[in-house]
Amino acid sequence: MVEIVGVVIAGGLSRRMGGGDKGLRLLDGRPLLAWVADRAAPQVDRLFLNANDDTERFAALGLPILPDGLPGRPGPLAGLLAALEGFPDADWVATFPSDAPFLPGDLVSRLKRAALAEGRDAACAASGGRLHAVFGLWRPGLAGPLRRAVMEEGLRRAGEWAERAGAVRVDFPDRPFDPFFNLNRPEDLAEAERMASVLAQAGQ
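As the structure is a prediction and not an experimental result, all values here were calculated from the model.

This next bit is on empty space enclosed by the protein. Using the criterion set out here, one finds 1 cavity of 30 Å³ or more in the structure. Computed from the structure, the largest cavity encloses a volume of approximately 60 Å³. Lining the largest cavity we find Ile9, Pro76, Leu77, Leu80, Thr95, Ala133, Val134, Trp138 and Ala158. Residue assignment for the lining of the largest cavity shows that the elements contributing at least two residues are helix H2 (76-86) and strand S8 (130-138). Here the lining of the largest cavity is built from residues that sort into 8 nonpolar, 1 polar and no charged.

See below:
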């Protein structure tokens, strides 16, 4: 049995970034997805990429592709649902957004520890007073309730789903910068370049 399966969710439309594949935007010469994969892969037993349409554009990343099973791209919950339904025998499914290149190296271990300590089926990251629900750890048994919430109720907000799932909130420090900083607009790339430079100088 695989204990933890990781899924990088990259199935969205990236409207605020001007469309296209946000995860393929370059940061210091490398796609954002490569940054995310490098930090996520050591934390899980297997890592997949949730993506749609012509997946050949992601071939250079070397990650197996897990497409959405729902039409209309209803957001990150579609990627989470694909992950939960795709790996029913895993102990846990860890999810990561495709646009947060500096995620903590101890993210999954801390989420798992908190979930087990509280006897919960889910845990999500938080920082600076904000919940980051797509940075989550989930039991595959949540697939049924999530499918009903998305298909029958039209649920789209990951934060609302995390609350329904009883996810433990795990706080991470946001200094010297927020490790969950994500790129939504073209101008965010400049800030990410600055952060990447600071990390490089610190040898992280």
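Another point: the nonpolar core. The biggest cluster of nonpolar side chains holds 31 residues, and the ones touching the most others in it are Leu47, Leu49, Phe96 and Leu107. At the level of elements, strand S1 (4-9), helix H1 (32-40), strand S4 (46-50), strand S6 (92-97), helix H3 (107-118), strand S7 (122-127), S8 and strand S9 (168-171) are the ones that each hand at least two residues to this core. Tallying contributions element by element places H3 first for this core, with 5 residues. Apart from residues lying up to four places away in sequence, phenylalanine 96 is in contact with Gly6, Val7, Val8, Ile9, Val36, Ala40, Val44, Leu47, Leu103, Leu107, Val108 and Val134. With 30 residues, the next largest nonpolar core counts Ile9, Ala78, Cys124 and Ala165 among its residues.

What follows is about H3. With 12 residues, H3 extends 17 Å from end C-alpha to end C-alpha; this agrees with the ideal 16 Å at 1.5 Å per step. By the burial criterion, the buried members of H3 are Leu107, Val108, Leu111, Ala114 and Ala115. Projected down its long axis, H3 carries its buried residues within an arc of 135°, all on one side. Exposed and facing more than 90 degrees away from the buried side of H3 are Arg113 and Ala117.

On to the pattern of salt bridges. With the rule as written, the count across this model stands at 11 salt bridges. Salt-bridge contacts for glutamate 160 lead to arginine 164; the nearest nitrogen and oxygen are separated by 3.4 Å. Pair noted here: glutamate 160 and arginine 164 are both in helix H5 (residues 158-164), with a separation of 4 residues, about one helical turn. Since its relative accessible area comes to 34%, glutamate 160 is described here as partly exposed. A salt bridge links aspartate 174 to arginine 175; its shortest N-O distance comes to 3.4 Å.

The rules behind each value
- Residues numbered from 1 in each chain as written.
- Predicted model: local features only at pLDDT ≥ 70, side-chain atom pairs only at ≥ 80, totals over all residues.
- Heavy atoms only, no water.
- 1 Å grid on protein atoms, 1.4 Å probe; cavity = no way out; pocket = protein on both sides within 12 Å on 5 of 7 lines; lining within 4 Å.
- Points joined across faces, edges and corners; volume = space filled by probe spheres on them.
- Helix = DSSP H or I, 4+ residues; strand = E, 2+ residues; numbered from the N terminus.
- Nonpolar A, V, L, I, M, F, W, Y, C, P; charged D, E, K, R; others polar.
- Core = buried A, V, L, I, M, F, W, Y, C linked by side-chain atoms within 4.5 Å.
- Buried < 20%, exposed > 50% of the residue type's maximum accessible area, 1.4 Å probe, protein only.
- Contact = heavy atoms within 4.5 Å.
- Expected span 1.5 Å × (residues − 1).
- Arc of directions from axis to C-beta.
- Salt bridge = Lys/Arg side-chain N within 4 Å of Asp/Glu carboxyl O.

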